[in-house]
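Okay, here's what each chain looks like letter by letter:
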Amino acid sequence: MHIDKKKCVGCANCVAVCPMGAIYIGDDRLSEINEDACVECHACFKGMSVENLPQQPTRFLRGVLAFFKLRFQPDPDICPTGAITPDELKWPRTLRRTFSDPQVPHESTGVGGRGTQEVKTNDITGRVKEGEAGFTVEFGRPGVGSRFADAAKLCRRLAKMGVEFQPENPVTALMSDVKAGELRKDVLNEKVLSYILEFKTDISVTTDILSAIEDEVKQLDTVVSLGLAVRCDPQGNDPVRSQLVAMGYEAWRGKINMGLGRRTNVALGVQEKR
Ligand code: SF4
Ligand code: SF4
C-alpha cells in the first residue's frame, strides 16, 4: 500500500484506521506508510470513503483556515482526495495480504483471513481422533502482527517431537520440508496480522508439547494464543484438563463440539466421506 503524495492533504484520517500503526504523518505534513510494518490488510483502502477532492485547492483551503485557527476536517472515515493506493504485490509480499485481509482466500485452502477453519470444525473434518490432541498456535493479533520467522524455531522443534502438521493449513503449505518442520526461507521476513500453526499428536505427549511451546514463545516479540482440542469420553470427561491445571493453566472448555455437523463415529460404522 502507498500514499500518493500528489493527492494527500495530510488530514491524518488514515492514521487511526491502520491496525498496525504503519501510517504516520511525515516531515512534509503528508501521510506516509512504513512498508516494513504494513501487512497489506487493505483496511485503509477499503475502510475509507473517497471524495476525490483536488489536492492543491484543498491544501490551500486548509492552510487559509489554519491561519484563522479554523479547520477543514473531513469526516473521520473519509480520505478526501483518494490518495491511498494499493500496490501490485509480488511474491512473497502477497502473503501479507492473504493472511491479513479476510476477504482474500488462500490458494492452499480456499479459506479467507488466517486461512484455516482449524479444529473448531472437528465434527465435520474429524481431524482429531480419540487418543489424539489437536493444537492451534496463533501468532500475532491486530496491532501486533507476527513474522513467519517467529514460528520457524518452534516448527523445527515440534517436528523433532513427531507432531503431524495439519496438511490443510496455509502455514503447512509454506513449509519446504513438512517432516522437518522447515518453513521456506523466502517467507520468513513477511509480517502478517496473524497466522495459525496447526498440528496433532498422540495425547500422551500433550504436556511435553505444551512445555516446548512455552519455552519457545517466551523469547518472541509478539503475542501467541494457544488452543487444544481433544475428544471427550462417553461421559463427557476430557482426558487432559487435570494435566493442564497441574501445569498452571486456567483450563476451561472454550467450545464443545457435539458432533452434529457430520457423523464421525467410526466405531458405529457411520463414518461419512468428506
Ligand atoms: S486520509 Fe487521505 S488525504 Fe488524509 S492523510 Fe490519509 S491519505 Fe492523506
Ligand atoms: S494496508 Fe493495512 S497495514 Fe498497510 S497501511 Fe493500510 S491499514 Fe495499515
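I will try to describe carefully the structure that is included in this document. This structure is a prediction, so every number in the text was calculated from the model and none was measured. (Residues numbered from 1 in each chain as written. Chains lettered and ligands numbered in written order. Predicted model: local features only at pLDDT ≥ 70, side-chain atom pairs only at ≥ 80, totals over all residues. Heavy atoms only, no water.)

**Here we look at the site of ligand 1**
Taken together, 14 residues form the shell around ligand 1, and within it Cys 8, Cys 11, Ala 12, Cys 14 and Cys 79 come nearest. When grouped by side-chain class, the residues that make up the shell around ligand 1 number ten nonpolar, four polar and no charged. (Near = heavy atom within 4 Å. Nonpolar A, V, L, I, M, F, W, Y, C, P; charged D, E, K, R; others polar.)

**Some remarks on the sheet that holds strand β7 (residues 132-139)**
Read across the sheet, four strands follow the order β9-β13-β7-β14 without closing on themselves; strand pairing throughout is antiparallel. Both edges of this open sheet fall to β9 (164-165) and β14 (224-229), since each of them pairs with a single strand only. Here six bridges tie β7 to β14, and the two strands are oriented antiparallel to one another. The partner of Gly 134 across the bridge, within β14, is Ala 229. Helix α7 (residues 206-217) contacts β7, β13 (195-202) and β14 of the sheet and is inclined by roughly 10° relative to β7. (Pairing = 2+ DSSP bridges. Helix = DSSP H or I, 4+ residues; strand = E, 2+ residues; numbered from the N terminus. Contact = heavy atoms within 4.5 Å. Axes fitted to C-alpha atoms, helices over the stretch in contact; angles between N-to-C directions.)

**What to know about the site of ligand 2**
In the vicinity of ligand 2, the residues found are Met 1, Cys 18, Pro 19, Ile 23, Ile 33, Cys 38, Val 39, Glu 40, Cys 41, His 42, Ala 43 and Cys 44. Here the shell around ligand 2 is built from residues that sort into ten nonpolar, one polar and one charged.

**Details of the pattern of salt bridges**
Evaluation of the coordinates by the stated rule reveals 17 salt bridges. One salt bridge connects Glu 198 with Arg 127, and the closest N-O pair in it is separated by 2.4 Å. Here Arg 127 lies in the loop between α5 (122-125) and β7 and Glu 198 lies in strand β13, a separation of 71 residues in the sequence. Each member of the pair, Glu 198 as well as Arg 127, carries the same accessibility label: buried. The closest approach of N and O atoms between Glu 216 and Lys 153, which form a salt bridge, is 3.4 Å. Linking Glu 216 in helix α7 with Lys 153 in helix α6 (residues 149-160), this pair joins segments that are 63 residues apart in sequence. Salt bridges linked by common partners bring Lys 153, Arg 157, Asp 215, Glu 216 and Lys 218 together as one network. (Salt bridge = Lys/Arg side-chain N within 4 Å of Asp/Glu carboxyl O. Buried < 20%, exposed > 50% of the residue type's maximum accessible area, 1.4 Å probe, protein only.)

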